[in-house]
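Reading the structure
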Amino acid sequence: MSNRVRVSIGADKQDLAIVGGAVAQFAARRGLAEDESRTLLASVEGTCSWLIDHAYPDNALGEVTVQLELASGAVRVVIEDWGEPLRAFGGGIGPVPEALANVTLGAHDLRLVNLGRDGKRTSFAVPAEAVEPTPLASFGEVKREADSALHTADELVVRASTPDDADEIGRLLFSNYGLGYGHPEFYLPRWVAWQIETGSLDSSVALIADEIVGHHALMVSEGERMGETGVAVVHPGYRGLGILGKMQQRTLGRANDRSLDGVFARAVTTHPYSQRAELKRGYRETALLLGSVPVGPNAESKLRGASLITVLPLGDPSREVTLPERYSEWLAAIFERNGMNAAQPVGTPNESAEWPSVRIAEDEHRSTTTITVHSFEGHGREQLLSAIRGSIHRHDDLTICDLDLRLLSSDELDAAIELLRSHDFFFSGLMPFGFGGHDRLRMQALLTDDVLFDGIVLESDFAKELRGWVIEDYESVTHG
């Protein structure tokens, strides 16, 4: 029996009877209690009616799609429409309209998110204590195996991945995310195998009965003093055995073995679950990147959402940096949040002459170019401008610029920031432990209009404060 039912109707209240029938049948066949069924039916019909009134006024032609899906102890409801824009609400964005709140009593996490050209998505969950989703075959060849209760943690083996594991790693991601994972390169087995072979990807896999059921990665770029942890996934049939925690322990152990200064993670902002996991392990927020990841059922989605960068320092917390006047308070707060002591460097380091003025990294998978500026005087300015023009000509969705807080003088930082702001770059946060261990101010420019600003869900108060700084600077750049 399917965990999911989806039905579409015209934007006509007479068709709500069709939705009501589908909800009633879904509730009966999935074993919801009588009071749970009533709450589900009232919430779905009430929300659809409210959306028809507000998104399709004056009997406008349109469509409303309702999806019901079993989760553990709940039914998740997603309602989509393509009518008139409405102000987003829920998830810390704004209050739920009173009329809608009155017809969804008993539902949790009610929110509306604007998706630009893709319409709007309204979602909520209704408790259903006795139900559990049925393990199903999904995504073609990928299978969800037997209940994890048939296995124990004693059978678990965690080891380093090998190039021969690349195909299974891709299938594992596919079984959980379809083609929509934020690291699309991991769907390319040859790329994964090459990264493992060259040491750029220090990956762990978890096995039960010789089957790969989990993956966790440490990714380190050449010359960087900080590695990225992530691409963390556990097979749906084997959750609840502590697999993720054991893989994470190995990953952090490998980071310490390589004497890295720290590790970072990218957390999606469509829900708070991955953020909670990172915060629990001691990671803290340093940057918020708007438009950095695709939002949608697959990697081809044009709509882009935000990601939150969190960092776990592993080495000396003392940092020698120059803080630019414009962003000094925000950067100082981020350093403090991460337990790092930011001290003003004495003079200009002699090593600055040994560094390239500008370094450029193109990421075609994310349609992003990252420019790192180590020197702005002399050729640095022209090289930066050339790199920005190159990103525009490649039709990137996002351009990132990192300014070296160890090598750039106060005057250089101020000049570089003003140049970047004149090209629509705005504050994103701090990226510590970069090339050569240097900390960087991160700024970004959005080169696409398909960016989701509503629905950025953040777990901690500091992350929400960081979002305020980013949006404030974005608006000051784009609206003068």
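Provided above is the structure to which this section pertains.
Reading the values: rules and limits
Residues numbered from 1 in each chain as written. Predicted model: local features only at pLDDT ≥ 70, side-chain atom pairs only at ≥ 80, totals over all residues. Heavy atoms only, no water. Phe/Tyr/Trp six-rings, centres within 6.5 Å; stacked < 30°, edge-to-face > 60°. Buried < 20%, exposed > 50% of the residue type's maximum accessible area, 1.4 Å probe, protein only. Helix = DSSP H or I, 4+ residues; strand = E, 2+ residues; numbered from the N terminus. Lys NZ or Arg CZ within 6 Å of the ring centre and 35° of its normal. Pairing = 2+ DSSP bridges. Axes fitted to C-alpha atoms, helices over the stretch in contact; angles between N-to-C directions. Contact = heavy atoms within 4.5 Å.

**Some thoughts on the packing of aromatic side chains**
- Applying the stated criterion to the full structure yields 10 aromatic pairs.
- A centroid spacing of 5.8 Å and a plane angle of 25° characterise the contact between Y327 and W330, whose relative ring orientation is stacked. The exposure classification of Y327 matches that of W330, with both residues buried.
- Taken together, a centroid distance of 5.0 Å and an interplanar angle of 40° make the contact between Y327 and F427 tilted. Pair noted here: Y327 is in the loop between β13 (318-320) and α8 (328-337) and F427 is in strand β18 (residues 426-431), with a separation of 100 residues, a long-range link.
- Classification of Y327 by relative accessible area gives buried; the value is 0%.
- Taken together, the ring pairs in this structure connect Y327, W330, F427, F462 and W469 into an aromatic cluster.
- Lying over the aromatic face of F435, R359 brings its terminal NZ or CZ to 4.0 Å of the ring centre.

**A short note on the sheet that holds strand β4 (residues 108-114)**
- Across the sheet, which stays open at both edges, the 5 strands sit in the order β1-β2-β3-β5-β4 with antiparallel pairing between neighbours. The open sheet is flanked by β1 (4-10) and β4, the only strands paired with a single partner. Sheet twist, expressed as the mean angle between neighbouring strand axes with direction ignored, is 15°.
- Judged from the 5 bridges that link them, β4 and strand β5 (residues 120-127) form a sheet pairing that is antiparallel. Note on β5: the bridge partner recorded for L112 is T122.
- Helix α1 (residues 16-29) rests against β1, β2 (63-71) and β3 (74-81) of the sheet, and its axis sits at about 170° to β1.

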